[in-house]
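Survey of secondary and tertiary structure
The residues making up each chain are set out below.
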Amino acid sequence: QVQLVESGGGLVQAGGSLRLSCAASGRTFSSYVMGWFRQAPGKEREFVAAISWSGGRIYYADSVKGRFTISRDNAKNTVYLQMNSLNAEDTAVYYCAARASMVVVATPQDYPYWGQGTQVTVSS
């Protein structure tokens, strides 16, 4: 079992940056694949980025590639999402998710553990 708590969301102007954090409880954080997803109003939850337990495998959605960076600090049980060059299309609730596996996947249904979400709003 792992519990996840996101922070760092807020209101930012287009072109600005935010860094999201996701703090995880549990002693086995380092064995979890961690992912970030987002959901805009009226839309389905979509994949943003994911990182393997070691950080050696990282995947991004095409829409954020080159602008967002996922990272993790296993000593702090925390995963981060650095978001740069934000635009209005990035406005959504951002969720942190975890799966106890060595395989990094982008499908939300394969992540059993979720945080409560943090709102990111980009004003144009």
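Below you will find a few notes about this structure. Small disclaimer: the values here were computed from a predicted structure and weren't measured. (Residues numbered from 1 in each chain as written. Predicted model: local features only at pLDDT ≥ 70, side-chain atom pairs only at ≥ 80, totals over all residues. Heavy atoms only, no water.)

A word on the sheet that holds strand S1 (residues 4-7)
Going by this rule: Strand pairing follows a simple DSSP-based rule, namely that at least 2 bridges must link the two strands. Numbering of helices and strands runs from the N terminus, with a helix taken as a DSSP run of H or I at least four residues long and a strand as a DSSP run of E at least two residues long. The axes are straight lines fitted to the C-alpha atoms, using for helices just the contacting stretch, and the angles between their N-to-C directions are given from 0 to 180°.
Ordered by their spatial adjacency, 4 strands build an open sheet running S1-S3-S8-S7, and the pairing between neighbours is antiparallel. Pairing within the sheet leaves two strands with one partner each, and these edge strands are S1 and strand S7 (68-73). Averaged over all pairs of adjacent strands, the angle between strand axes in this sheet comes to 15 degrees, irrespective of strand direction. Direction of pairing for strand S3 (residues 18-24) relative to strand S8 (residues 78-83): antiparallel, over a ladder of 6 bridges. Looking at S8, one finds that Ser 21 is bridged to Tyr 80.

A short note on the pattern of salt bridges
Test applied: By definition here, a salt bridge exists when the distance from a side-chain nitrogen of Lys or Arg to a carboxyl oxygen of Asp or Glu is within 4 Å. Three labels apply to residues, based on accessible area from a 1.4 Å probe with only protein chains included: buried if under 20% of the type maximum, exposed if over 50%, partly exposed otherwise in between.
Evaluated as defined, the whole model comprises 4 salt bridges. Where Asp 90 meets Arg 38, a salt bridge forms, and the shortest distance between an N and an O atom there is 2.9 Å. Taken together, the residues span a long stretch of sequence, with Asp 90 in the loop between S8 and strand S9 (92-99) and Arg 38 in strand S4 (residues 33-39) at a distance of 52 residues. Like Arg 38, Asp 90 is buried. Lys 65 serves as the salt-bridge partner of Asp 62, at 3.1 Å between the closest nitrogen and oxygen. Accessibility assignment for this pair places Asp 62 and Lys 65 in one class, exposed. The network of salt bridges with common partners includes Arg 38, Glu 46, Arg 67 and Asp 90.

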